[in-house]
Amino acid sequence: MFDWNLLPFFVSMIILTLVVLVIGVHFYRNVLVMFVMIPVALFCAFTGYNTITTMLGYPVKQTIPEHSLYINHIENQDGSELYVWVLEPERMMPKNYSIPATDKNKKQMQRAKGKTGKGINQTISRTKSDRSGENNDGDYMVYDFVINPRGLK
């Protein structure tokens, strides 16, 4: 149905369209109105761009949610970041995250890639749980994803 993550984009595009129409039709001679409306239009365009780029597969620099299922990873060209594809626990849609390419992260992601290649699913979690916020400056660890044979209770 409707993806609520796209709501800021749709709202900003509607506002941007209205602003451009109002400036173009009614207030083309009033410099003060144009001085206010042009930054509003630019803000709406920036908000739309930000919303779409965080949703369309570009790597986002956020903390990988706990208990995400590892899919794959690659290292960028200069070796400063790892791009990790995971399935988030609730959404079950792949998302691409950018994490720092520390030695520990590289080792853990390589371990996850090897085990996933052998058919053992891997789950990602942060090593330090006391860090909060959207920053992804911590190290990550991977562990085997095991399903209880008796099922969920």
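In this report, the structure presented in the accompanying data block is examined. (Residues numbered from 1 in each chain as written. Predicted model: local features only at pLDDT ≥ 70, side-chain atom pairs only at ≥ 80, totals over all residues. Heavy atoms only, no water.)

What to know about the overall build of the protein chain
Reasoning step 1: Scanning the protein chain from terminus to terminus reveals 3 helices and 5 strands.
Reasoning step 2: Mapped from its N terminus to its C terminus, the protein chain presents α and β elements in the order α-α-β-β-β-α-β-β.
Reasoning step 3: Split into buried and exposed, the 153 residues of the protein chain put 27% on the buried side.
Reasoning step 4: Taking contacts inside the protein chain between residues at least 6 apart in sequence as the whole, the part at least 24 apart equals 49%. (Helix = DSSP H or I, 4+ residues; strand = E, 2+ residues; numbered from the N terminus. Buried < 20%, exposed > 50% of the residue type's maximum accessible area, 1.4 Å probe, protein only. Contact = heavy atoms within 4.5 Å.)

What about the pairing of strand E2 (residues 81-87)?
Reasoning step 1: Across the 7 residues that make up E2, a large majority, 6, are buried.
Reasoning step 2: Here strand E1 (residues 68-75) runs beside E2; their pairing, made up of 6 bridges, is antiparallel. Bridge pairing in E2 links Ile74 to Tyr83.
Reasoning step 3: Between the antiparallel neighbours E1 and E2 lie 5 residues, among them Gly79 with a positive phi of about 75°.
Reasoning step 4: Note that E2 and strand E3 (residues 94-100) share 7 bridges and pair antiparallel. Note that in E3 the partner of Val86 across the bridge is Lys95.
Reasoning step 5: Where E2 folds back on E3, the antiparallel hairpin that results is connected by 6 residues, among which Met92 adopts a positive phi of roughly 55°. (Pairing = 2+ DSSP bridges.)

What to know about the environment of Met141
Reasoning step 1: Position of Met141 relative to the elements: it lies in strand E5 (residues 140-144).
Reasoning step 2: In the structure, Met141 is positioned 16 residues away from Ser125 in sequence and 5.5 Å away in space, judged by C-alpha atoms.
Reasoning step 3: In contact with Met141, not counting residues within four places along its chain, are Gln108, Thr123, Ile124, Ser125 and Thr127.

Here's the deal with the sheet that holds E5
Reasoning step 1: Read from one edge to the other, the open sheet built from 5 strands follows the order E3-E2-E1-E4-E5, with strand pairing classed as antiparallel. The open sheet has two edge strands, E3 and E5, and neither has a second partner. Here the strands of the sheet are splayed against their neighbours by 45° on average, with no regard to which way each runs.
Reasoning step 2: Relative to E5, strand E4 (residues 122-126) runs antiparallel, the two sharing 5 bridges. (Axes fitted to C-alpha atoms, helices over the stretch in contact; angles between N-to-C directions.)

Quick word on a nonpolar patch on the surface
Reasoning step 1: On the surface, a nonpolar cluster with roughly 800 Å² of combined accessible area is contributed by Trp4, Leu7, Val11, Ile15, Leu32, Phe35, Val36 and Val40.
Reasoning step 2: When residues of the nonpolar patch are traced back to their parent elements, those giving at least two are helix H1 (7-25) and helix H2 (31-55).
Reasoning step 3: With 4 residues, the top contributor of residues to the nonpolar patch is H2.
Reasoning step 4: Note that Val40 resides in helix H2. (Patch = residues over 30% accessible without salt bridge, like charges linked within 9 Å, V, L, I, M, F, W, Y side chains within 5 Å. Areas by Shrake-Rupley, 256 points an atom, 1.4 Å probe, with all protein chains shown as cover. Salt bridge = Lys/Arg side-chain N within 4 Å of Asp/Glu carboxyl O.)

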